[in-house]
Structures are given as structure tokens and as C-alpha cells.
Amino acid sequence: MSMNDNRRIVGEGTPESDWLAWPGLLDMPAAEASALVPAGSRIVMVAPHPDDEIVGCAGLLMQLAALGHEILILGVTDGTGSHPGSGYWTPERLAKARPQESLRALEYLGLAKVPILRLGLIDTRVTQERAALIAHLDDHLQPDDILVTTWRGDGHPDHEATGQACAEVASTKGCSLIELPIWTWHWASPGDPRVPWERARRIELSLDQYERKCTALEAHVSQLTADDTTEQGPVLAPFALARLLRPFEVLFL
Ligand SMILES: [Zn+2]
């Protein structure tokens, strides 16, 4: 897919009220975590940035952990590119803070024992470092793993590069792949023909899971606070959070 189309992540994007008014979201087929993942298989979640595992699939991970599945998170980058030009959130500060935020978020989910392996690729440059990512995935994946990652058409270059690399390695290794739309909710519109809605399934969160997910997201302080040094608002502004903190998650099978 070309990056010259209008899948751009600028402005406020499609309001959550538009999504909630769309029957396609309301009537989307539901899936049970227990039916998606065969008993005994390991889940490997590949997160381009520290927080994608929370916004994309915190509920799914809690449900799979409760079913007794082993979970491994591969953190592709440390998220050091979220505040370009900032005098406070420098890449050095982010490199320390964001992986810590991820650990705290997992604690809130009750998943403190889930290991996160950090791969150390450079934020915003996953496309250029694709070969290194494929080599890491090749090292860590086993044929029976269920791979969960960002959708290869998600509109953010790191999310797309990660999705593409995972799709490639999943097909050579024989792993199943589940993809997550994250920035899609920003640039797409209800029924958007660029989105594979026929692959979409809803995972419903219990009230407890939904509250834990909301609390876990609060651990990502670097993404939730305005930056006085650049006069930029938070990376995850309220209009973005509204789309990301729903009592359900959407997956592409
Ligand atoms: Zn991300």
C-alpha cells in the first residue's frame, strides 16, 4: 500500500462518536479468546512501541493469561521518537521511561510475570531496520506460536513495518497471526474500503478487564502529558484515548 494516500495521522482524526454510531462496529462478529488460540500455544505479542501492547490488546492478553497461556512480549523499539525536539522528553529520557511505563502497565493488568524482551530497534526507523527485525523474530518464534502485532496497513510506518515483518515470518514458520488496528481508528472512516473489515472480530472485555486496561494506560505518563518545551499536547490526547479505550478490542484474523 502506498504512503501517498490519505491514511495520514494528523489532526484529531475520526471522532469516536462516528465509530460508535456505525452498525459495522456494533454488529461485528464477536470472538472468544479460547476459540482463537489453541490450548497450550504460546502467545508472542510484538509491540512496535511501549504502549501498543496495552492499547491494542490488553484485554486479549488478560483473557489468554487467565486461560493459562504462556505470553512473551517483544518490544521492537523503546519509543524514543515520540517527542521530536523536546527539551524534556529527550530520546535518552524516553529510553529509560517508556520501558518502565510498560512494566508498570503490565503490573496493573496482573501480568507482572509476562516477560518483555526489548529488541532495541530505533523508533521511527523500523522500515529501514526490517532485516534486523526479521532476524529477531526468526530467533524467538516457534512454529506453534500465535503471533499478535499491529496491522500491516495501520498507517504508522513502524506499525506497518512490524506487521509486515511478522506476517512474513509467520508464514515461513507456520505461526498464526492476529493483527491489531490502532492508528486505523484515526485515519479511517466507518466502512472504509481500505480496511479489511471482513477479517475483523470483537473481543469483549469484562468490567474488571476494562478498568484494568484504563488504569494500565495511565502508566504511560510520557504519552499522556503536554510538553511545555515544544508546546505540544499529549501524544495520546483525549480524542485518541476515546478510540483506544473501549470496552472491547478489534482484531483482524
Ligand atoms: Zn505504536
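This text gives an overview of the structure that appears in the document. Here the residue index of a chain counts from 1 through its sequence in written order. With the structure being a predicted model, the display of local features is reserved for residues of pLDDT at least 70 and the display and counting of side-chain atom pairs for 80 or more, all residues being used for whole-chain, interface and lining totals. Just so you know, side-chain values use all the structure's heavy atoms and leave hydrogens and water out.

Let us look at the coordination of the zinc ion. Shown as donors are all N, O and S atoms within 2.8 Å of a metal ion, widened to 3.2 Å for Na, K and Ca; because water is not in the atom set, sites may appear incomplete. For the zinc ion, every protein donor is listed as H49 (ND1), D52 (OD), D52 (OD) and H159 (NE2), and the spread of their distances is 2.0 to 2.5 Å. Site shape is set this way: if four donors have all angles between 85 and 135 degrees, tetrahedral; if opposite donors are over 155 degrees apart and all others between 65 and 115, square planar for four donors and octahedral for six; otherwise irregular. In this structure, the zinc ion is coordinated by four donor atoms arranged in irregular fashion, with angles at the metal of 54 to 144°.

Turning next to the side chain of T77. Considering the arrangement of structural elements, one finds T77 in strand β2 (residues 71–77). On the basis of relative accessibility, which here comes to 0%, the residue T77 falls in the buried class. Within 3.5 Å is the distance limit for a polar contact, defined as a pair of N or O atoms, with the added protein rule that one can donate a hydrogen and the other accept it, and that residues adjacent in sequence qualify only through two side-chain atoms. In this structure the side chain of T77 is engaged in a polar contact, spanning 3.1 Å, whose partner is the backbone nitrogen of G79. A run of H or I in DSSP becomes a helix once it reaches four residues, and a run of E becomes a strand once it reaches two; helices and strands are each numbered from the N terminus. We call a residue buried when its accessible area falls under 20% of the maximum for its residue type, exposed when it is over 50%, and partly exposed in between, using a 1.4 Å probe and counting protein chains only.

What follows concerns the packing of helix α6 (residues 130–140) against helix α7 (residues 157–173). As a rule, the C-alpha atoms of each element are fitted with a line to give its axis, helices using only the stretch in contact, and angles between N-to-C directions run from 0 to 180 degrees. For the pair α6 and α7, interaxial distance at closest approach is 10 Å and the crossing angle is 40°. On the basis of the axis angle, α6 is oblique to α7. Note that α6 runs across α7; the crossing there is right-handed. When α6 is examined against α7, the residues R130, L133, I134, L137 and D138 are found in contact with a partner set consisting of A161, T162, Q164, A165, C166, E168, V169 and K173. Think of it as three bins: nonpolar holds Ala, Val, Leu, Ile, Met, Phe, Trp, Tyr, Cys and Pro, charged holds Asp, Glu, Lys and Arg, and polar takes everything else, Gly as well. Residues belonging to the contact of α6 with α7 are distributed by class as follows: seven nonpolar, two polar and four charged. Every angle not falling under 35 degrees, over 145, or within 65 to 115 is termed oblique; those three ranges are roughly parallel, roughly antiparallel and roughly perpendicular. Should the near helix be turned counterclockwise from the far one by less than a right angle, the crossing is left-handed, whereas a clockwise turn marks it as right-handed. By the convention used here, residues are in contact when the closest approach between their heavy atoms is within 4.5 Å.

This brings us to the pairing of strand β1 (residues 43–47). Here β1 lies mainly inside the structure; five of its five residues are buried. Judged by which residues are buried, β1 turns out to be covered on both faces: I43, M45 and A47 on one side and V44 and V46 on the other are all buried. Strands are treated as partners if at least two bridges between them are detected by DSSP. Here β1 pairs with β2 via five bridges, running parallel. Across the sheet, the residue bridging to I43 is I71, located in β2. With its strands directed away from the observer, a crossover is right-handed exactly when the path from the first strand over the helix to the second travels clockwise. For the crossover from β1 across helix α4 (residues 52–66) to β2, the handedness is right-handed. Looking at chain direction, β1 and strand β4 (residues 146–150) are connected through four bridges and run parallel.

Glancing now at the environment of E198. If you trace the backbone, E198 turns up in the loop between α8 (184–187) and β6 (200–204). A residue is classified by how much of its surface remains accessible, and E198, at 62% relative accessible area, is exposed. Between the alpha carbons of E198 and L253 there is a distance of 9.0 Å; along the sequence they are 55 residues apart.

A few words on the packing of α4 against helix α9 (residues 207–218). Taken N-terminus to C-terminus, the directions of α4 and α9 make an angle of 140°; their axes are 10 Å apart at the nearest point. For the element pair α4 / α9, the angle class is oblique. Of the two elements, α4 crosses α9, and the hand of that crossing is right-handed. Counted together, I54, V55, A58, M62 and Q63 of α4 and Q209, R212, K213, A216 and L217 of α9 form the full contact between these two elements. Counted by class, the contact of α4 with α9 contains six nonpolar, two polar and two charged residues.

Here we come to the pattern of salt bridges. Basic side-chain nitrogens of Lys or Arg form a salt bridge, by our definition, when they fall within 4 Å of a carboxyl oxygen of Asp or Glu. Counted according to the given criterion, the structure contains eleven salt bridges. One salt bridge in this structure joins D78 and R118, with 2.7 Å as the shortest N-O distance. Taken together, the residues D78 in the loop between β2 and α5 (91–108) and R118 in strand β3 (residues 116–121) connect sequence positions 40 residues apart.

A separate point is the packing of aromatic side chains. The rule is short: rings of Phe, Tyr and Trp, with Trp giving its six-membered ring, pair when the centres are within 6.5 Å, and they are stacked under 30 degrees, edge-to-face over 60, tilted in between. For the structure shown, the criterion picks out eight aromatic pairs. Where W19 meets W197, the ring centres are 5.9 Å apart and the plane angle is 55°; that geometry is what we call tilted. One end of the pair, W19, is in helix α1 (residues 16–20); the other, W197, is in the loop between α8 and β6, and 178 residues separate them in sequence. Since its relative accessible area comes to 0%, W19 is described here as buried. Geometrically, the ring pair formed by Y88 and W89 is edge-to-face, given 5.0 Å between the ring centres and 85° between the ring planes. Relative accessible area serves as the criterion here: at 9%, W89 is assigned to the buried category. Following the ring pairs from residue to residue traces out a cluster consisting of W19, W22, W185 and W197. Any Lys NZ or Arg CZ that is within 6 Å of a ring centre and within 35 degrees of that ring's normal is treated as a charge sitting over the ring. The ring of Y88 has R93 sitting right over it, with the charged end atom 3.9 Å from the ring centre.

Turning our attention to the nonpolar core. Side-chain atoms within 4.5 Å are what join buried Ala, Val, Leu, Ile, Met, Phe, Trp, Tyr and Cys residues into a set we call a nonpolar core. Counting 39 residues, the largest nonpolar core has L36, I43, M45, L60, L61 and L109 as its most contacted members. Ranked by residue count, the leading element in this core is α4, at eight residues. Not counting chain neighbours up to four residues away, the residues in contact with L109 comprise I54, A58, M62, R212, K213 and A216. Counting residues in each nonpolar core, the second largest holds 21 residues, with V44, L133, C166 and V169 among its members.

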